[in-house]
Amino acid sequence: MTTRRILAEVALGLLCLSACWPLVELSKAGSVGVPIVVAALVVWAIGAGLRRVGARSWLIVLAQAAAVMVSPLAALAAHGVSPTPSALRDAGHEAQKVANSSVAPLPAVAGVIAALTLGAALVALVVDYVGGTSKLPAATVLPVAAPFVLATTALGQTLPLPYFAAAAAAWALLMWLSTSRSRTLTGAPVFAAVTVLAVAGAAALSGHVPTRATPALAEGGARGVDTSVDFSTSLELTKDLSSRNAAPVLTYTTEDSQPGPLRVTTSSTYADGQWRARTNEPTTKVKANSEFPALGYDPAVPTTSSQATVTLNAMKPPFIAAPTTLRAAAFGQGHDTFDVGTTTGVPHLAAQVPAYAVIFRTFTAAARPVDDSAVSAGTGGVTQDDLDVASLPPAARTRIDALLTASGAGDATSRFDKAVAIQNHLRTDPSYTYSLTLAPTRTVDGAQLDPLSNFLETKQGYCTQYATAMVMSARSLGIPARVAIGFLPGTKRGNEYEVRAADAHAWPELYFPGMGWTRFEPTPGSRSGAAPAYARTSPSATKSSSSAPTTSSSAPVPSTRSVAPSTTQTSRSTSHGAPVTPHDDGVLGRVLLTLLGALAVIALLGALPLLGWWRRNRPVRQAREPRERDEALWHRMVWNLRDLGYVITTERSPQEAAGRFADDNPRASTHLVQAVERAAHSIENSRYAPTPARGMAATTERVTRAARSDASVGARLRAWLLPRSAFGARS
């Protein structure tokens, strides 16, 4: 086998990898690329090795098919799932369910990763069969294109240019090396032109390929094509709340036994019946594990401190979902410092992070503002927009006044108690109905009602309407208020919470001296759960409980509660470890993948030695008569000498070759030179004597043993790993 053919096999392997590369984009699992790469390499290595030893096509395909069948089991093991037939069946059902209910990139569940690994193995098998076993390299364009079409269709967008460039370069290299020597010079410009045109065409068309319409989470409130979510200008949650997408947006663990919602962003601007996301917010730099700006918090207000560790994050930058009152955060390597909004306290990241950890404070039931004075813009992150009610139409202001009267807020003695009264009225008044479907817009005095007025008139709506009503009611009382957008705590599965698009939520945040921006929950409990502890107790109960022991979070973050990244993970809820990659405990999977990788390396390292052995011994096995066998034994001996680095020619007669052996190999021992002379004499007798003498096999074997004994360790190692006999036809 020539060096050119060996390189062609390597080019085919690169083409298999580049064909499988787009499948990595179909899942957001950070580790999905490993089983895909291993599966593709193993399938190709099996094909390359068997082709080198002259195996039949059916045997090559059969061996590769066996590797394809094993690949999803290996992927399951890597994901921490026992690789059993029943687990494989369950994974198939899981993958089908996720595919039916989600859009790409799919969530990082075991079934999806197993399915993608199986797909990669199949792609590699087809590409390798067409380009290698069937010797039709030009036809590999079709199987290579299939994963690109699949990924582009599923993602709804064109793949980045490097994907196309890698496949085009690998295909052009394979075509070049598969071309006969006589056509190399004339074929070079053709293949170069094809490569340049393919890459240039991909670059020119990448921005103009039609893509699937992107499903908008919350009318742009959260926009994404899958589990990846980003927030834009309009914060309307209708589509989120009714979403059937089963893909998790976030998974996390927390010490808090009753976690609150996870905030992503806030809005203070209400116009034309919609909240608009905050843009161009000023930020300040914060170091990882450092105390966040307090934004009006006073250490005298009692709190508890907890940690949350996000193990899967699909939020697109700059947004991060986290509890509302952050103390410190760590987002992993490359994020030693990050921006935090000076008015919202919300972190902003330049790049998506797969996992992170935060420490946050939670107000106890006894928490109350330190005073009841009015707050003006410029205090604790309060802006003029947080006090604005002038933008409300007269019909809405009239109905807000009616709400304040009905809630009894006017009878409360403090601003905080007024806020609690508004919240409790919206939560508990039976005339209000929680519904994802808004009531038809009513007409009063010949004019259609604005959205807020229509909600207060029909008393039918969801979290956005309830939050809006409370924010505007609070502002009417001079209390700074804004709307927060994010997610409910999600569904607890074992020790982990899973948040989906349907968990999208909106709630009001009101500013009080000492407590800062404080969460309230006016949405009925059937949707939002219990109201915060500090907002569901009466003033008298608060006074009686104020002597209860509490903990304060005013001190800097202790070193024992650092959220700095760590390489270890514990399942205990009290762990303060860093963000970790989900499902990082698949020991069996890592072992199996390591084994498959080792097999691939062994296959690559063993291909040439096996090929050399096959070529040296095949003529001996095929010999039909004694003289033919003696000739084969002589040529095998010559190749053994050449593999060990000795110089011996077959262009001369055996006697002449033996006579020059000592001159061509000055370091050869006398014993080896004499053994070569005896072997030359034996083959001469076999050729010309009436009856071939016996013992040719033993004579040539003595030459080989003597040559190995004289050779250095390096020469023997090269003879085993890179035998020259693997690259030549005959000696």
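Everything numeric in this text was worked out from a predicted model, so none of it was measured.

### Some remarks on the overall build of the protein chain
Regarding its fold elements, the protein chain presents 21 helices and 21 strands. Counting only residues that meet the buried cut, the protein chain has 50% of its 731 residues in that class. At a minimum sequence separation of 6, the contacts of the protein chain that also span at least 24 residues come to 74%. For the protein chain, the accessible surface area stands at approximately 32900 Å², while carbon and sulfur atoms represent 58% of it.

### Quick notes on the packing of aromatic side chains
Under the counting rule described, the total for this entry stands at 18 aromatic pairs. Between F331 and F338 the ring centres are 4.9 Å apart and the planes differ by 85°, which places this aromatic pair in the edge-to-face class. These aromatic residues form a ring-pair network of at least three members: Y297, F363, F416, F512, F520 and Y534. Directly above the ring of Y432 sits K459, whose terminal nitrogen or CZ lies 5.2 Å from the centroid. The ring centre of W614 lies 4.9 Å from the NZ or CZ of R621, which sits over that ring.

### Overview of the environment of A506
Here A506 is to be found in strand β20 (residues 504-512). Linking A506 and I485, residues 21 residues apart in sequence, is a C-alpha distance of 4.6 Å.

### Some details on helix α17 (residues 626-643)
For α17, spanning 18 residues, the distance from its first C-alpha to its last is 26 Å, which sits close to the expected 26 Å at 1.5 Å a residue. Burial analysis of α17 places 13 of its 18 residues in the buried class, which makes it a mostly covered element. After α17 finishes, the residue G645 shows a positive phi value of roughly 100°.

### Examining the side chain of T309
Along the chain, T309 falls in strand β8 (residues 303-313). For T309, the side chain forms a polar contact with the side chain of Q307, separated by 3.3 Å.

### Re the packing of α17 against helix α20 (residues 696-710)
In the contact formed by α17 and α20, the axes pass within 10 Å of each other and the chain directions differ by 0°. Considered as vectors, α17 and α20 are oriented roughly parallel to each other. Mapping the contact onto sequence places D630, L633, W634, M637, N640 and L641 in α17 and M696, A697, T700, V703, T704 and A707 in α20. Along the lines of polarity and charge, the residues of the contact of α17 with α20 split into eight nonpolar, three polar and one charged.

### Thoughts on the packing of helix α2 (residues 33-52) against helix α5 (residues 110-133)
At their nearest, the axes of α2 and α5 sit 8 Å apart, and the two run at 30° to each other. Between α2 and α5, the angle is such that the two are roughly parallel. As for how α2 packs across α5, the hand of that crossing is right-handed. Of the residues in α5, those touching α2 at P35, I36, A39, A40, V43, W44, G47 and R51 are I113, L116, T117, A120, A121, A124, L125, D128, G132 and T133.

### Brief notes about the sheet that holds strand β7 (residues 283-287)
Either a parallel or an antiparallel arrangement is found when strands of a sheet pair, and the pairing is made through backbone hydrogen bonds. Strand order in the open sheet made by the three strands is β7-β10-β11, with antiparallel pairing throughout. Among the strands making up the open sheet, the edge pair consists of β7 and β11 (347-348). Pairing of β7 with strand β10 (residues 337-341) involves five bridges; the strand directions are antiparallel. Along β10, the bridge assignment pairs V286 with F338.

### Side note on the sheet that holds strand β3 (residues 248-254)
One open sheet holds the six strands; their spatial order is β9-β12-β8-β3-β19-β18, and the pairing between them is antiparallel. The open sheet is flanked by β9 (326-330) and β18 (491-493), the only strands paired with a single partner. Each strand axis lies, on average, 30° off the axis of its neighbour in the sheet, ignoring direction. Pairing analysis gives three bridges linking β18 to strand β19 (residues 496-500), with the strands arranged antiparallel. Its bridge partner lying in β19, R493 is registered against E496.

### Notes on unusual backbone geometry
P317 connects to P318 through a cis peptide bond whose omega is 10°. Here P318 is to be found in the loop between β8 and β9. Unusually for a residue other than glycine, L295 sits at a positive phi of about 50°. Along the chain, L295 turns up in the loop between β7 and β8. With relative accessibility at 16%, the residue L295 sits in the buried group.

### Examining the nonpolar core
As a rule of thumb, soluble globular proteins bury nonpolar side chains together. Core analysis: the biggest nonpolar cluster contains 48 residues, and L15, C20, I36, V43, V127 and V144 have the highest contact counts within it. Sorting the residues of this core by element identifies α1 (3-20), α2, α3 (57-78), α4 (85-101), α5, α6 (141-155) and α7 (161-178) as the ones contributing at least two each. Per-element accounting of this core gives the leading share, 11 residues, to α5. Apart from residues no more than four positions distant in its own chain, C20 is found in contact with I36, A40, A120, V123 and A124. Counting residues in hydrophobic clusters, the runner-up holds 42 residues, among them A396, L403, F512 and Y534.

### Examining the state of the cysteines
Tallied over the full model, the rule gives zero disulfides. The cysteine C16 is free of any disulfide, with C20 supplying the nearest cysteine sulfur at 6.8 Å. Given a relative accessible area of 1%, C16 falls into the buried group.

### A look at a nonpolar patch on the surface
Taken together, the side chains of V10, L14 and L173 define a hydrophobic patch exposed on the protein surface, amounting to about 230 Å² of accessible area. By the element assignment, V10 lies in helix α1.

### Focus: the pairing of β9
Burial runs high along β9: five of the five residues are buried. Here β9 runs beside strand β12 (residues 356-363); their pairing, made up of four bridges, is antiparallel. Directly across from L326, in β12, lies its bridge partner F360.

Cut-offs used in this document
- Residues numbered from 1 in each chain as written.
- Predicted model: local features only at pLDDT ≥ 70, side-chain atom pairs only at ≥ 80, totals over all residues.
- Heavy atoms only, no water.
- Helix = DSSP H or I, 4+ residues; strand = E, 2+ residues; numbered from the N terminus.
- Buried < 20%, exposed > 50% of the residue type's maximum accessible area, 1.4 Å probe, protein only.
- Contact = heavy atoms within 4.5 Å.
- Areas by Shrake-Rupley, 256 points an atom, 1.4 Å probe, with all protein chains shown as cover.
- Phe/Tyr/Trp six-rings, centres within 6.5 Å; stacked < 30°, edge-to-face > 60°.
- Lys NZ or Arg CZ within 6 Å of the ring centre and 35° of its normal.
- Expected span 1.5 Å × (residues − 1).
- Polar contact = N/O pair within 3.5 Å; in protein donor to acceptor, adjacent residues only side chain to side chain.
- Axes fitted to C-alpha atoms, helices over the stretch in contact; angles between N-to-C directions.
- Parallel < 35°, antiparallel > 145°, perpendicular 65-115°, else oblique.
- Nonpolar A, V, L, I, M, F, W, Y, C, P; charged D, E, K, R; others polar.
- Left-handed = near helix turned anticlockwise from the far one by under 90°.
- Pairing = 2+ DSSP bridges.
- Core = buried A, V, L, I, M, F, W, Y, C linked by side-chain atoms within 4.5 Å.
- Disulfide = S-S within 2.5 Å.
- Patch = residues over 30% accessible without salt bridge, like charges linked within 9 Å, V, L, I, M, F, W, Y side chains within 5 Å.
- Salt bridge = Lys/Arg side-chain N within 4 Å of Asp/Glu carboxyl O.

Worth remembering: the numbers are spatial, not functional.
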